[in-house]
Amino acid sequence: MNFLKKCAVSLAVLAAFAVQAVAADTLQDIMKERNLSEKDVIAAAKTYQPSGRKDEYIVFSSGGQSGQVIVYGVPSMRIYKYIGVFTPEPWQGYGYDDESKAVLEQGKIRGRDITWGDSHHPAFTEKNGEYTGDYLFINDKANPRLAVINLHDFETVQIVTNPVIKSEHGGAFVTPNSEYVMEASQYAAPLDNNYYPIENYADVFRGAVTLWKFDKTKGRIDVDKSFTLELPPYMQDLSDAGKGPSDGWGFINSFNSEMYTGGIEKGLPPFEAGMSRNDNDYLHVFNWKILEKLAQDKKNYKVINGHRVVTIDAAVKAGALFLIPEPKSPHGVDVTPDGKYIVVGGKLDTHASVYDFAKIKALIDKKDFIGKDPYGIPIIDMKKALHGQVELGLGPLHSSFVPEDGIIYTSLYVDSQIVKWDYKNLKVLDRINVHYNIGHLDTMEGKSSKPKGKYALSLDKLSIDRFNPVGPLHPQNHQLIDITGPKMELIYDMPIPLGEPHDVVSIAADKLKPQATYDMGTNSRTGKPHPAVTLAGQERVERKGNNVTVYATMVRSHINPEHITVNKGDKVTIHITSLERAQDETHGFAIDALNVHASIEPGKTASVTFVADEEGVFPYYCTEFCSALHLEMMGYLFVKDPNKKYEDIKKMSLQKLSKEQLEAEYKKILATNEATDAVIQSVVKFLTDKGYDKYPEIKALVTDALNQYGNIKDVKAKADAAYKKGDLDQAILWENQVWQYMVKTADVGLRAKARLSKMLASPMSEAASRGEAAYLTGGCNGCHVIGQVSSGPDLTGAIDRTSEQWVFEFTKNPASKYDEPYVKELINYFNLRMPNQNMKDGEIKDMIEYMKWIDQNADLF
Ligand code: CUK
Ligand code: CUA
């Protein structure tokens, strides 16, 4: 009675809301109310993804100062993940479990922990210049490092620290078949670790480019096979690898061929004045295939910090290093998809310069040079190497490509624009304003040999007035631009709240094949079986002196063991294996107040190590809301002092249940279990009748459900044995555990049923889906549940019980029928009157179509 009254009250509230809600239910109404133009609505329609719809492209963005990588989708611009790379990331347990700590350890510089990174340029593995979607590389500009992320689980698996470069920028750029990942220096510095005064700049300070060898079968960088090319101290900037006809070559910009050394504090003009004095800087052109051979012979390299550095002399002698003048202080260098041209963004010059690789190669072959720089590197005549230059505007930086031959998109930092132009015929085609001050841009696989185009992303450094203010530190702005038409159209602004994300790479979503779960007992950071994998029944605690090793498991909804007792001062390692096999059933393992956390996805084994240096009781628990019994997924760590004598605590006398009370409780739980089992059996029947095993994803769910169900037999036997012994208390507890397994079975089983129903249901007509929307927005589901009698009658079969006309009239004006005997009966039964939801005629007609669809699919509810 009480419950029904409550329902009636909430119904009245709902009805009141419904009246307000109907005010804005046509597109025109919403546009008017939200002050949207037709253009806005079209932009929204181009980016909106209905629930469950997947994105076409996946974007990997550097996370700037966060040291992470941001993963989001295009066109929806929904953020999917922040991948921990150079910095700890608690959700993923990155930097908290032992396995990921080992990865972060690799990123130490000269023994020092580096707890931040300036993650900069992400790059995919490539095959013939096309993205493969297997691994992602990203560099840390601040602390010269490079990381490898495995795209089969989106986890960072390796960090390499550059042994000679002190400051970098021109990485990560991948050669067309992922042979090497290029990492070029930024600020020249001595390559060894010694002190030299600035007066030794030209003699000792050097730039460099490291060629990190990538082992494709292992998915790791092979440090021993990697080497570096020494370069003059010209402040190298961005790089790119050649492809097609220019495969084997690499290109690096620079901005201080003046070799200016600053000294503002001594009254000298500052760096910015001296470094932009000359009209030209140099594009470095080098051949890594020749260098690779040079690095095999001792006479060509020096060993610095245990690492091979091929000298400028050796490279010049072998015809592997050249310079070409470029307009002063350029920024981006981008090789065209066909590998025939190299486009350099002017930055301080309003032009983009297009170099023709065939011309460069011919000049090199003819040894046609205009001179040598102070380090003996041959200089190629800029005029002879250029295909042409195009005036684009102020501050051209980076470029990206599309499938159309010769078409390129270039960012203009100062003008805050993207320019579309033709690099073959050298003319500007279109431009669009962005907000504000764009750095990099991307055009869907736009830096590969097979760009997809379709959308452009503008990575704006400033957002100024685009978003709700959140203090003086503004988010960055990633803008999505539709580039399918002759004019670029801005369609979405996304605030990025995580550092300055420099650059992105994008990939067709179907090229990524991430796994849903791990093979049981995987160390995700090595990809190999974890030596401490623990299966059900193998849980144990081992002690060797002061080292305690716990082999634990997690599965919905318990941690085994639930009590761990150690001595104060013990070094404790807990290896935790998730016994789950179901997709998205992740557990997190935390011990309160001990800074311990790990993320244990299905099948993963992760370890945490800590010193139990404080006496006390420390609860531990699961940090992911993994099931209805998630809060119960816990245990206690007891840390006792072995040198202390603990007094006996007087026990409280708690009231015990009587035999009769226990019997009653036991009967109750048996009845509950029986009822729950009936639900399970009906779901099983439904699934079997519908041939669930023909649908792999449903089959996986059912297998998981049956796994849970399979646990019941053992537990039930324990319950029965306890009952036989007369231990009602234990019998009740074990019966409760039976119920837990049943709930988990039903949980997954019902999910499988819902998904299968959706797959099998006949397609909805447009009218029926409008009707469903009207049903939901009208709040009808507050009282009606399809397929069930709830606080209102089941709508299945309602038309058969009456007629379409009747349903129409009743919905339009329920009160007109309150006196009909059928309705009277309903009002009596539910103690509720169907309220008037003020629906329009069209909506009611649509809803009737929806009800017909329900009737057609009645067996699925
Ligand atoms: S760089 Cu050009 S705007 Cu550090 Cu790739 Cu950022
Ligand atoms: Cu496992 Cu919550």
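Overview of the structure. Just so we're clear, the structure is a prediction, and the values are computed from it rather than from any experiment.

## Side note on the site of ligand 1
In the region of ligand 1, the neighbouring residues are His120, His121, His169, Leu238, His331, His398, Gly439, His440, Lys461 and His502. Elements with a contribution of two residues or more to the shell around ligand 1: strand E4 (119-127) and strand E29 (438-442). Of the residues assigned to the shell around ligand 1, the class counts are 1 nonpolar, 8 polar and 1 charged.

## A word on the pattern of salt bridges
Summed over the entire model, instances satisfying the criterion amount to 45 salt bridges. Residue Glu580 is joined to Arg556 by a salt bridge in which the shortest nitrogen-to-oxygen separation is 2.7 Å. You can see Glu580 sitting in the loop between strand E40 (571-578) and strand E41 (587-591) and its partner Arg556 sitting in the loop between strand E37 (547-555) and strand E38 (558-560), a full 24 residues away along the chain. Look at Glu580 and you get buried, because its relative accessible area is 2%. Its relative accessible area of 1% is what places Arg556 among the buried residues. It is possible to trace a salt-bridge network through shared partners that takes in Arg556, Glu580, Glu585, Asp704, Asp747 and Arg751.

## Examining the sheet that holds strand E2 (residues 69-74)
Think of a sheet as strands paired side by side through backbone hydrogen bonds, with each pair either parallel or antiparallel. One open sheet accounts for 4 strands, arranged E3-E2-E1-E33; its pairing is antiparallel. A strand with exactly one partner marks an edge of an open sheet, and here the two such strands are strand E3 (79-83) and strand E33 (504-508). Adjacent strand axes in the sheet meet at a mean angle of 20° when their direction is disregarded. Both strand E1 (residues 57-62) and E2 contribute to a ladder of 6 bridges, which runs antiparallel. Bridge pairing in E2 places Phe60 opposite Val71.

## Describing the environment of Thr811
If you trace the backbone, Thr811 turns up in helix H17 (residues 804-812). The buried category is assigned to Thr811, whose relative accessible area is 10%. Distance from Thr811 to Pro378, taken between C-alpha atoms, is 87 Å for residues 433 residues apart in sequence. Contacts of Thr811, omitting those with residues within four sequence positions, involve Met834, Asn836, Met839, Ile844 and Met847.

## Side note on the side chain of Thr745
With respect to the element layout, Thr745 can be found in helix H14 (residues 728-760). A polar contact of 3.4 Å, which involves the side chain of Thr745, links it to the backbone nitrogen of Tyr709. A distance of 2.6 Å separates the side chain of Thr745 from the backbone oxygen of Tyr741, its partner in a polar contact.

## As for the packing of helix H11 (residues 659-689) against H14
The contact between H11 and H14 brings their axes to 9 Å, and the two run at 20°. The orientation of H11 relative to H14 falls into the category roughly parallel. Taken as a pair, H11 and H14 cross one another with a handedness that is left-handed. Among the residues making up the contact of H11 with H14, the classes are represented as 18 nonpolar, 7 polar and 7 charged.

## Considerations on the packing of aromatic side chains
Under the defined criterion, the tally for this structure stands at 26 aromatic pairs. With centroids separated by 5.6 Å and ring planes inclined at 40°, the aromatic side chains of Phe60 and Phe154 adopt a geometry described as tilted. Remark: Phe154 occurs in the loop between strand E6 (145-150) and strand E7 (155-161) and Phe60 occurs in strand E1; sequence separation between them is 94 residues. A relative accessible area of 0% places Phe60 in the buried class. Overall, the relative accessible area of 13% leaves Phe154 in the buried class. A network of ring pairs unites the aromatic residues Trp249, Phe251, Phe322, Phe357 and Phe369 as a single cluster. Its end group placed over the ring of Phe686, Lys753 keeps NZ or CZ at 5.0 Å from the ring centre.

## Here's the deal with unusual backbone geometry
In the segment running from Val74 into Pro75, the intervening peptide bond is cis, with an omega of 15°. Inspection of the secondary structure puts Pro75 in the loop between E2 and E3. Of note, the amide linkage connecting Asn560 to Pro561 takes the cis form, showing an omega dihedral of 5°. Tracing the backbone shows Pro561 in the loop between E38 and strand E39 (563-567).

## So, the side chain of Thr47
Relative to the elements of secondary structure, Thr47 occurs in helix H3 (residues 38-47). Discounting residues that sit within four places of it in the chain, Thr47 has contacts with Pro75, Ser76, Leu480, Ile491 and Tyr492.

## With respect to the pairing of strand E31 (residues 476-482)
Of all 7 residues making up E31, 7 are buried, and the element is well covered by its neighbours. What you see with E31 is no split at all: Gln476, His478, Leu480 and Asp482 on one side and Asn477, Gln479 and Ile481 on the other are buried throughout. One ladder, built from 6 bridges, connects strand E30 (residues 455-460) with E31; its direction is antiparallel. Paired with Asp460 across the strands is Asn477, a residue of E31. Note: E31 against strand E32 (residues 489-496), 7 bridges, orientation antiparallel. Bridged to Asn477 within E32 is Pro495.

Reading guide: rules and limits
Residues numbered from 1 in each chain as written. Chains lettered and ligands numbered in written order. Predicted model: local features only at pLDDT ≥ 70, side-chain atom pairs only at ≥ 80, totals over all residues. Heavy atoms only, no water. Near = heavy atom within 4 Å. Helix = DSSP H or I, 4+ residues; strand = E, 2+ residues; numbered from the N terminus. Nonpolar A, V, L, I, M, F, W, Y, C, P; charged D, E, K, R; others polar. Salt bridge = Lys/Arg side-chain N within 4 Å of Asp/Glu carboxyl O. Buried < 20%, exposed > 50% of the residue type's maximum accessible area, 1.4 Å probe, protein only. Pairing = 2+ DSSP bridges. Axes fitted to C-alpha atoms, helices over the stretch in contact; angles between N-to-C directions. Contact = heavy atoms within 4.5 Å. Polar contact = N/O pair within 3.5 Å; in protein donor to acceptor, adjacent residues only side chain to side chain. Parallel < 35°, antiparallel > 145°, perpendicular 65-115°, else oblique. Left-handed = near helix turned anticlockwise from the far one by under 90°. Phe/Tyr/Trp six-rings, centres within 6.5 Å; stacked < 30°, edge-to-face > 60°. Lys NZ or Arg CZ within 6 Å of the ring centre and 35° of its normal.

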